[in-house]
Amino acid sequence: MQRYENANPNPEYLIKSIAEQGYNLETALADLIDNSITANAGKIEILTNIEQDPFLLFVADDGCGMSEGTLLKNMQLPSQSPEYGREQRDLGRFGLGLKTASFSQTRCFTVLSRVKGKEKFSGLTWDVDYLKDSGEWKIIVNSEEEVNNLVSKYNEANYNHLNSFENYTPNTIVIWNGLYKFE
């Protein structure tokens, strides 16, 4: 009779290993910008709020956005098979870019998104400290209050930006909570 053992990865170790896949700050941001381009974004913002410790970095776009279900799918590791067909203009391949790029720079990141034309954002957070403490492979579902707080922080950073876009409504906002390699 065949015997099996549970071989689930240690979430903390896996994330920290993923983080060391050769990204620097520029290539990590480029990966997020590629996702915005794939989402038909006409405008992409990269903003920071250095008044907070750890500081926040925002990458926002006015692309098509994601429903709550699509956001959850895209936050999974990986979010697609490389065997699946993809659109010619889709720059992604393995469904890992958002996560690996983000974890290469931060230990905690949130993605807020809404379908273009909708009012309400959904939010999910990957947090290495949570994974380490819980030992479980789970993503944090942000409450409406947490989402609204993060949108307010983005709006504050946007308001303080010298060259804001006119008539700009973001539909996806990636938020890096600190840059561990630079702190």
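Thresholds, definitions, all that
Residues numbered from 1 in each chain as written. Predicted model: local features only at pLDDT ≥ 70, side-chain atom pairs only at ≥ 80, totals over all residues. Heavy atoms only, no water. Phe/Tyr/Trp six-rings, centres within 6.5 Å; stacked < 30°, edge-to-face > 60°. Helix = DSSP H or I, 4+ residues; strand = E, 2+ residues; numbered from the N terminus. Lys NZ or Arg CZ within 6 Å of the ring centre and 35° of its normal. Pairing = 2+ DSSP bridges. Contact = heavy atoms within 4.5 Å. Axes fitted to C-alpha atoms, helices over the stretch in contact; angles between N-to-C directions. Polar contact = N/O pair within 3.5 Å; in protein donor to acceptor, adjacent residues only side chain to side chain. Salt bridge = Lys/Arg side-chain N within 4 Å of Asp/Glu carboxyl O. Buried < 20%, exposed > 50% of the residue type's maximum accessible area, 1.4 Å probe, protein only. Core = buried A, V, L, I, M, F, W, Y, C linked by side-chain atoms within 4.5 Å. Expected span 1.5 Å × (residues − 1).

S.K.: I tried to follow the packing of aromatic side chains on my own but got confused; where do I start?
M.R.: To describe a pair of aromatic rings, one takes the distance between the centres and the angle between the planes. All told, the structure shown has four aromatic pairs when counted by the stated rule. Their ring planes at 50° and their centres at 5.4 Å tell us that tryptophan 126 and tryptophan 137 sit as a pair that is tilted. Highlighted residues: tryptophan 126 in strand β4 (residues 122-127) and tryptophan 137 in the loop between α5 (128-134) and β5 (140-141), separated in sequence by 11 residues. Here the aromatic residues Phe103, Phe109, Trp126 and Trp137 are joined through ring pairs into a cluster of three or more. A cation over an aromatic ring shows up here: arginine 107 above the ring of tyrosine 180, its NZ or CZ 3.9 Å from the ring centre.

S.K.: Can you help me understand the sheet that holds strand β3 (residues 108-113) in this one?
M.R.: In a beta sheet, neighbouring strands pair by backbone hydrogen bonds and run either parallel or antiparallel. Reading across from one edge, β1-β2-β6-β3-β4-β5 is the order of the six strands in this open sheet, with antiparallel pairing throughout. The sheet is open, and its two borders are formed by β1 (44-49) and β5, each paired with just one other strand. Pairing between strand β2 (residues 56-61) and strand β6 (residues 172-177): six bridges, direction antiparallel. Counted as the bridge partner of alanine 60 is isoleucine 173 from β6. The sheet contacts of helix α3 (residues 68-75) involve β3 and β4, and relative to β4 the element is tilted by about 15°.

S.K.: For this particular structure, what's the right way to read the side chain of glutamine 105?
M.R.: Among the structural elements, glutamine 105 can be located in the loop between α4 (97-103) and β3. From its side chain, glutamine 105 meets the backbone oxygen of asparagine 24 in a polar contact 3.5 Å long. With sequence-adjacent residues up to four places away left out, glutamine 105 is seen in contact with Tyr23, Asn24, Leu25, Ala28, Trp176, Gly178, Leu179, Tyr180, Lys181 and Phe182.

S.K.: Please explain the pattern of salt bridges as it appears in this structure.
M.R.: When charged atoms on two side chains of opposite charge get close, those side chains can pair. Going through the model one piece at a time under the given rule, you end up with three salt bridges. For glutamate 12, the salt bridge goes to lysine 16, with nearest N and O atoms at 2.8 Å. Of this pair, glutamate 12 and lysine 16 both sit in helix α1 (residues 11-18), four residues apart, roughly one helical turn. By relative accessible area, which is 32% here, lysine 16 ends up partly exposed. Here lysine 138 ties to glutamate 136 by a salt bridge, and the two come within 3.0 Å at their closest N and O atoms.

S.K.: Hey, could you run me through the pairing of β2 in this one?
M.R.: Working note: regular strand, side chains alternate between the two faces of the sheet. With respect to burial, β2 is a largely interior element, six of its six residues being buried. Here six bridges tie β1 to β2, and the two strands are oriented antiparallel to one another. By the bridge assignment for β2, isoleucine 44 is matched with aspartate 61. Joining the antiparallel neighbours β1 and β2 is a turn of six residues.

S.K.: Hey, could you run me through the nonpolar core in this one?
M.R.: Residues Met75, Phe109, Val111 and Trp176 are the most contacted members of the largest nonpolar core, which totals 25 residues. When residues no more than four places from it in sequence are discounted, the contact partners of methionine 75 are Leu98, Lys99, Phe109, Val111, Leu124, Thr125, Trp126 and Ile139.

S.K.: Can you walk me through unusual backbone geometry in this structure?
M.R.: At asparagine 40, a position not held by glycine, the phi torsion is positive, near 65°. By secondary structure assignment, the location of asparagine 40 is in the loop between α2 (25-38) and β1. On the basis of relative accessibility, which here comes to 52%, the residue asparagine 40 falls in the exposed class.

S.K.: Would you mind going over α2 with me for this structure?
M.R.: Each α-helix turn comprises 3.6 residues. Residues three or four places apart therefore point the same way. In this model α2 runs 20 Å from its N-terminal to its C-terminal C-alpha over 14 residues, within 8% of the 20 Å that 1.5 Å per residue would give. The secondary structure elements touched by the buried residues of α2 are β1, β2, α4 and β6. Two or three places before glutamate 26, at the start of α2, stands the capping residue asparagine 24, its side-chain oxygen 3.0 Å from that residue's backbone nitrogen. Remark: asparagine 40 follows α2 within two positions and exhibits a positive phi of approximately 65°.

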